[in-house]
Amino acid sequence: MRNFNTVREIDLKEYLPDVLQDVTEMRAIMDAETPEISAIWQACEDCMNDQFISEATKNGIARREKMLGITPYAKDTLEDRRFRLMTRYNESIPYTKKGLDVMLASLCGEDGYILKILTADFTVNVKVALTAKKQEEAVKEMLERVLPYNMVFTVELLYNKWKMLEPYKWSVIKTVTWKDLKEEVLP
């Protein structure tokens, strides 16, 4: 995907013909018009960026949220809001295990979740990796919309296990709280 977030420096004096380069009035006019042209250029860039969720500005994200009836939370970052939009756009019905795997992989990454479906019990369990723990609520909302009503689902965090700490020396581990060892991403 093309990155449109580059800032373009514009100097209209460079476009003056050689004959007018030294005319003080023309240079003053170009200096006065340059900020306006820069603002127009930036508005065009923002408009192009807003076509893609991954590059959208705050206004573009807000417009899409309004169209989909999504209310952002007060503490949401722009990336959190992007994630929620991607969640909504990646939903597809009818639900299949393969389709659900694709949706979760696009949201959490290939290794960012564990999916267990017990068809006999009508249950779905998704464990989200700690790297995507801020998105746990968005995954719950997606499952609520995508899964059939007779399926019960749970979403949990995939906490660190003691075995994952084996490569670390005790001098490093003892500087961190047990809670952080369990619930934070290991370096």
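Residues numbered from 1 in each chain as written. Predicted model: local features only at pLDDT ≥ 70, side-chain atom pairs only at ≥ 80, totals over all residues. Heavy atoms only, no water.

Chemist: How should I be thinking about the side chain of Thr-34 in this particular structure?
Modeler: On the secondary structure map, Thr-34 appears in helix α1 (residues 24-49). On the basis of relative accessible area, Thr-34 is assigned to the buried category, the value being 11%. Filtering out sequence-adjacent residues up to four positions away, Thr-34 remains in contact with Ile-10, Asp-11 and Leu-12. (Helix = DSSP H or I, 4+ residues; strand = E, 2+ residues; numbered from the N terminus. Buried < 20%, exposed > 50% of the residue type's maximum accessible area, 1.4 Å probe, protein only. Contact = heavy atoms within 4.5 Å.)

Chemist: Help me out: how do you make sense of the confidence of the model for the chain in this one?
Modeler: Predicted coordinates in areas of low pLDDT are best not read in detail. Here the chain averages 82 in pLDDT, while 79% of its residues score no lower than 70. Mean pLDDT per element in the chain: helix α7 (residues 178-183) is the minimum at 61, and helix α2 (residues 58-68) is the maximum at 93. (pLDDT = per-residue confidence, 0-100.)

Chemist: Can you help me understand the nonpolar core in this one?
Modeler: Most often, soluble globular proteins keep nonpolar side chains buried together rather than apart. Formed by 20 residues in total, the largest nonpolar core has its most connected members in Leu-100, Leu-104, Val-126, Val-139, Met-142 and Leu-143. For this core, the elements supplying multiple residues, two or more each, are α4 (97-108), β1 (113-118), β2 (123-129) and α5 (136-146). Looking at which element gives the most residues to this core, the answer is α4, with six residues. With residues near it in sequence (within four places) discarded, Leu-100 still touches Tyr-95, Leu-115, Ile-117, Val-124, Met-142, Leu-143 and Leu-147. By size, the runner-up hydrophobic cluster in this structure holds five residues, among which are Ile-53, Ala-56, Ile-70 and Leu-85. (Core = buried A, V, L, I, M, F, W, Y, C linked by side-chain atoms within 4.5 Å.)

Chemist: What am I meant to see in the pattern of salt bridges here?
Modeler: Here the idea is simple: oppositely charged side chains can pair when their charged atoms come close. The full count for this structure, using the stated rule, is six salt bridges. For Arg-82, the salt bridge is made with Glu-79, and the minimal N-O distance between the two is 2.7 Å. One end of the pair is Arg-82 and the other is Glu-79, both in helix α3 (residues 78-89) and three residues apart, which spans about a single turn. What makes Glu-79 exposed here is its relative accessible area of 51%. Note that Lys-97 and Asp-101 form a salt bridge whose closest N and O atoms lie 3.2 Å from each other. Taken together, the residues Lys-97 and Asp-101, both in helix α4 and four residues apart, mark about one turn of the helix. One continuous salt-bridge network, built from bridges that share partners, spans Asp-76, Arg-84 and Glu-141. (Salt bridge = Lys/Arg side-chain N within 4 Å of Asp/Glu carboxyl O.)

Chemist: For this particular structure, what's the right way to read α5?
Modeler: Two residues of an α-helix separated by three or four positions point the same way, owing to the 3.6 residues in each turn. Among all positions of α5, only Glu-136, Ala-138, Val-139, Met-142, Leu-143 and Val-146 are buried. All buried residues of α5 fall inside an arc of 160° around its axis, so they share one side. Those residues of α5 hidden inside the fold are in contact with α3, α4, β2 and β3 (152-158). (Arc of directions from axis to C-beta.)

Chemist: Sorry, what's going on with the sheet that holds β1 here?
Modeler: Backbone-to-backbone hydrogen bonds pair the strands of a sheet. The strands run either parallel or antiparallel. Spatially, three strands are ordered β1-β2-β3 in an open sheet, and the strand pairing comes out mixed. Lying at the two open borders of the sheet, with one neighbouring strand each, are β1 and β3. Pairwise comparison of adjacent strand axes, ignoring direction, gives a mean angle of 15° for this sheet. Across the face of the sheet, α5 comes into contact with β2 and β3 while running at roughly 160° to β3. (Pairing = 2+ DSSP bridges. Axes fitted to C-alpha atoms, helices over the stretch in contact; angles between N-to-C directions.)

Chemist: How should I be thinking about the pairing of β2 in this particular structure?
Modeler: Counting buried positions along β2 gives five out of seven residues, so the element sits mostly inside the fold. The pairing of β1 with β2 spans six bridges and is antiparallel. In the strand pairing of β2, Tyr-113 is matched with Val-128. Where β1 folds back on β2, the antiparallel hairpin that results is connected by four residues, among which Phe-122 adopts a positive phi of roughly 60°. In terms of strand pairing, β2 meets β3 through seven bridges, oriented parallel. Within β3, the position partnered with Val-128 by the bridge is Leu-157.

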